[in-house]
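Chain by chain, the residues:
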Amino acid sequence: MAERGQLPPPAKRLCCRPGYGSGCRPGQRAGGAGPGSGALCAGPSSAAAAAALGLLPLGKTQSPESLLDIAARKVAEKWPFQRVEERFERIPEPVQRRIVYWSFPRSEREICMYSSFNTGAEDPAAAPGGAAAGTAPGGAADTAAADENRLPFRRGIALLDGGCVDNVLQVGFHLSGTVTEPAMQSEPETVCNVAISFDRCKITSVTCSCGNKDIFYCAHVVALSLYRIRKPDQVKLHLPISETLFQMNRDQLQKFVQYLITVHHTEVLPTAQKLADEILSQNSEINQVHGAPDPTAGASIDDENCWHLDEEQVQEQVKLFLSQGGYHGSGKQLNLLFAKVREMLKMRDSNGARMLTLITEQFMADPRLSLWRQQGTAMTDKYRQLWDELGALWMCIVLNPHCKLEQKASWLKQLKKWNSVDVCPWEDGNHGNELPNLTNALPQGANANQDSSNRPHRTVFTRAIEACDLHWQDSHLQHIISSDLYTNYCYHDDTENSLFDSHGWPLWHEHVPTACARVDALRSHGYPREALRLAIAIVNTLRRQQQKQLEMFRAQKKELLHKGVTSITNLEGWVGHPLDPIGTLFSSLMEACRVDDESFHGFSDFTENMGQCKSLEYQHLPAHKFLEEGESYLTLAVEVALIGLGQQRIMPDGLYAQEKVCRNEEQLISKLQEIELDDTLVKIFRKQAVFLLEAGPYSGLGEVIHRESVPMHTFAKYLFTSLLPHDAELAYKTALRAMRLLVLESTAPSGDMSRPHHIASVVPNRYPRWFTLSHIESQQCELASTMLTAAKGDVQRLETVLESIQKNIHSSSHIFKLAQDAFKIATLMDSLPDITLLKVSLELGLQVMRMTLSTLNWRRREMVRWLVTCATEVGVYALDSIMQSWFTLFTPTEATSIVATTVMSNSTIVRLHLDCHQQEKLAGSARTLALQCAMKDPQNCALSALTLCEKDHIAFETAYQIVLDAATTGMSYSQLFTIARYMEHRGYPMRAYKLATLAMTHLNLSYNQDTHPAINDVLWACALSHSLGKNELAAIIPLVVKSVKCATVLSDILRRCTLTTPGMVGLHGRRNSGKLMSLDKAPLRQLLDATIGAYINTTHSRLTHISPRHYSEFIEFLSKARETFLMAHDGHIQFTQFIDNLKQIYKGKKKLMMLVRERFG
């Protein structure tokens, strides 16, 4: 805690001489030595003191404890000292001394609680150094140990063991001393003055000169406290200082005051003078009050008896952690503070509620709440979980079975105040919850069909507010929690809400989460035995309810199965519920498996505090009285977890609520997985699996469930792996039933709403928004993969699993993953391939192909390649089959470029060890596929078809004809040019020429497209035509002139055609005369004229909107144009006329025309 300054806080009550006024003591003290004399704090005997401190069992003391000590100890625990003074006229000094002696705390557990996180050992003496170790927040062992040693409690023990505590003095209810902090490498030795006030075995205030500011007591306070607890016989004990002053006469008092001022004149002189002035003034306030304060005189009757808690520091620390926004481990620190609250509640320390109030106020003041609400954004998941814990803790606090009515009223008022704030977080994130009221709900939620439109949003505090209406006065409830032998074997009421079952064992019918909240409250407030009794009654009630539901379903099974749908479900699921009822029952029962009797029984008998239902015959039988033969707390814990996980329940609204369902389910299953299954537990698994399969709509694994029920995939996977070694048939039956995902079935109706039912008959008829659907589908996939792995080698089971996958899984990516998983399992390196599993893999792959054929999927290419690999492993017939039915599986492009190409590759032939006949058959299928694809999509498949058909003349000719047929309509110039180049490369120049001319008819190059990608194709086509001969060149030039308007491209073609003789390498070995073609005759004359015309047109186009920065570039363009003009016999004259025209037309562009004159005259 924060300890500021060295002086203790002012005294809370006034002490005066006898007879001085109404506040005076009734009489003088009697007996014993003078009050001023010091005495050690030794008890009646060292053995008795040791026994009282818990160091020796009482039965082993050497002499009995005195009646004085027994009485003084009880008075010191329960009564404020002022009540003792007012109650008795004369209090002998030895009695006063024993009360003062026993008033200091005797247990180190509380000291540890207020100076470290989470006490580690139940018994402080069990930890090293004789006290409980603080559990460090660190993770690794070394880090944890280091963090633990830095905690104030550990450091305090070290200081005590190091002999650093000195000058210890107890004056009345005040303890003081000095603690020396040893010198460190960078810091000198320091001496801290420590002062502690205490009352009724609780430390009520602490001060230390170290100035440390923290939630916890500093190490120096710990050291002094432990010194007093461990070495009481070494502490000087005096009665309260007022007792000493009462015995002094005037001269003694004056000497006392003057000496005190002399010793401490620099510190107290101003205060002394001020007090003296006030006392001498008749009308001063100090003279209007009887008596004077005494900081050592103990508590007054009105003082609250609670441990010292520095509220300011709690608020500052929480504010700091919240401001860090989840960074620097602040979330962990806040969780540790919540754990500290739970620890205080378990110790029945009233500061638990005080501390939680302080934490809540800071949470409510977090500025991010209003910011998130304004922006419409959700809080982070970790922060949301902190709010959940806050709400759960308030639920525990208001359900304290022994809290006073006025205290509960105060909490209710505070909770309602927080609840009314606009930014108060809602219970299920950003969505209003439609669950029934906590206290008014019937056992199975019969009120769930009330109108939800007018219901206000439920906040994180709503349940705690509702819980304020709950009480513990029900006599049946009192008997359950107070006795291990509360039975009624004559009770034959077999109604739904009967108080006892057929064994005569007690049942507790209450809204299940509410009943479990009672269990959590009992555990949290230090009543583990009572919590266990109630938990057993609740589990027995749930088991009886299971049986009733099974009977109910069997009675209406035919009708339900005929309809095929049901409206029966639970609007309120137990797994993922804000109160975590199943987790509470499971934890309570598991704790009972682990702890020994003494630590488990808590602090005191519950009935002693309740004062009710206490009768002799209920006191001696063990708690497992109400278990079946062979059952234990462990089996009960496992069974209730299975019941909760298998509950048929509706998927809640909202992202957070849905994520919580998944998270809690996985957490519970993770805890179950830590338990090693024996024969007894296997019987429980069998029993529950059979029930879940046969209970219809009351089970998540029933034959008929609601369309929007929470899927059972994760739970079923756990059941499957657990049951598989013991009952494979049941394991598969369970897992196969769980594979369904009705919410994705387009044919599944929303449910028959015509017949109300006591579970929940009205479910909001809405289009489901399952935010966690991707996670759910991945869990469905995991379940299927687990079954595939287990079914390896079993043909019948594999076929059944395959059918289930094909029927229930709707995601292509998940089916593809399963196909890959099956393939890996089937082709493990250390065993021969499992052909059945390979076929399953292939079948799943084929389904993926069909599902993704007409949809966009970025993994499609990967999927196609994988399928061919899988089919290759299955065998040649599988490859042939996928090529035969390619149109249902692949696009034409995929079929030719990936499938057929891969099948025809050498690696496939080698992998399959194919003979010539098999190779030819496969090649025939590939060619047929290629031609079909080319017919369907010639643009994308023609080239691949030609490549695949190269070795078969008829097929190749057919493919070529397909190209020609498609060339005039559906194919682009780029596709035709590509095929034409392929033909030339394969030695078909005339076919290449034919395709090139067809491509030219589709091309159109404008005057300014001098960087067009088709230019290279045009130049290649002209070069091909030129190489074939004059006739071919003469035929293509008109096409070029028609399609190309770009002057630079035309001039390039013209120049190339004049460099060599056409047809120098003619067809069929012909050689031509070797004469160059004339520019004055066709076809080059036509090309020359077109080129000159293109230059003229381009010049005018460029001059239309030319800027000065392009003048020099334009002059260079005219220079190239002149070169082309001069190729004609009258080109010089034409160019001169052209330039003159430019000068005339564009004479306004003076600077440009000047540049033209300078270059061209």
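Residues numbered from 1 in each chain as written. Predicted model: local features only at pLDDT ≥ 70, side-chain atom pairs only at ≥ 80, totals over all residues. Heavy atoms only, no water.

**Student:** Would you take a moment to explain the overall build of the protein chain for this structure?
**Tutor:** Across its full length, the protein chain carries 49 helices and 8 strands. A buried classification covers 51% of the 1161 residues belonging to the protein chain. Put simply, 74% of the contacts in the protein chain that link residues at least 6 apart link residues at least 24 apart. If you sum the accessible surface of the protein chain, you get close to 54400 Å²; carbon and sulfur atoms cover 53% of it. (Helix = DSSP H or I, 4+ residues; strand = E, 2+ residues; numbered from the N terminus. Buried < 20%, exposed > 50% of the residue type's maximum accessible area, 1.4 Å probe, protein only. Contact = heavy atoms within 4.5 Å. Areas by Shrake-Rupley, 256 points an atom, 1.4 Å probe, with all protein chains shown as cover.)

**Student:** Explain the confidence of the model for the protein chain here, please?
**Tutor:** Keep in mind that low pLDDT regions are not for reading the predicted coordinates in detail. Summary statistics for the protein chain give a mean pLDDT of 80 and a share of 83% for residues scoring 70 or more. Below pLDDT 50 for its whole length, residues 747–767 participates in 56 contacts with residues either more than four positions away or in separate chains. In the predicted structure, residues 1065–1073 sits below a pLDDT of 50 and forms 9 contacts with residues beyond four places in sequence or in another chain. (pLDDT = per-residue confidence, 0-100.)

**Student:** Before we go on, may I ask you to explain the nonpolar core in this structure?
**Tutor:** It is characteristic of soluble globular proteins that their nonpolar side chains tend to be buried jointly. Judged by nonpolar contacts, the single largest core of 303 residues is most densely connected at Ile359, Phe363, Trp387, Phe461, Leu788, Phe890 and Leu995. Discounting residues that sit within four places of it in the chain, phenylalanine 461 has contacts with Thr360, Met364, Trp387, Leu390, Trp394, Leu415, Trp418, Asn419 and Cys424. Listed in part, the 7 residues of the second largest apolar core include Val710, Val743, Trp770 and Ile776. (Core = buried A, V, L, I, M, F, W, Y, C linked by side-chain atoms within 4.5 Å.)

**Student:** It is not clear to me how the side chain of arginine 97 should be interpreted in this structure. Could you clarify?
**Tutor:** Along the chain, the position of arginine 97 falls in helix α4 (residues 93–102). Within the structure, the side chain of arginine 97 is placed 3.2 Å from the backbone oxygen of leucine 237, a separation counted as a polar contact. (Polar contact = N/O pair within 3.5 Å; in protein donor to acceptor, adjacent residues only side chain to side chain.)

**Student:** Looking at this model, I keep getting lost on the packing of aromatic side chains. Mind explaining?
**Tutor:** We describe a pair of aromatic rings using the distance from one ring centre to the other and the angle between the two ring planes. Following the criterion strictly, the structure yields 23 aromatic pairs and no others. Between phenylalanine 816 and tryptophan 866, the aromatic rings sit 5.6 Å apart at their centres with planes inclined by 90 degrees, giving edge-to-face as the arrangement. Residue phenylalanine 816 is located in helix α32 (residues 812–826), and its partner tryptophan 866 is located in helix α34 (residues 860–874); the two are separated by 50 residues in the primary sequence. Classification of phenylalanine 816 as buried rests on a relative accessible area of 1%. You can call tryptophan 866 buried: its relative accessible area is 12%. For the ring pair phenylalanine 1125 and phenylalanine 1138, a centre distance of 5.6 Å and an interplane angle of 10 degrees mean the geometry is stacked. Highlighted residues: phenylalanine 1125 in helix α47 (residues 1111–1125) and phenylalanine 1138 in helix α48 (residues 1131–1145), separated in sequence by 13 residues. Classification of phenylalanine 1138 as buried rests on a relative accessible area of 5%. In this structure an aromatic cluster arises from ring pairing among Phe338, Phe363, Trp372, Tyr383, Trp387, Trp394, Trp418 and Phe461. Arginine 991 extends its terminal NZ or CZ atom over the ring of tyrosine 960, reaching a point 4.5 Å from the ring centre. (Phe/Tyr/Trp six-rings, centres within 6.5 Å; stacked < 30°, edge-to-face > 60°. Lys NZ or Arg CZ within 6 Å of the ring centre and 35° of its normal.)

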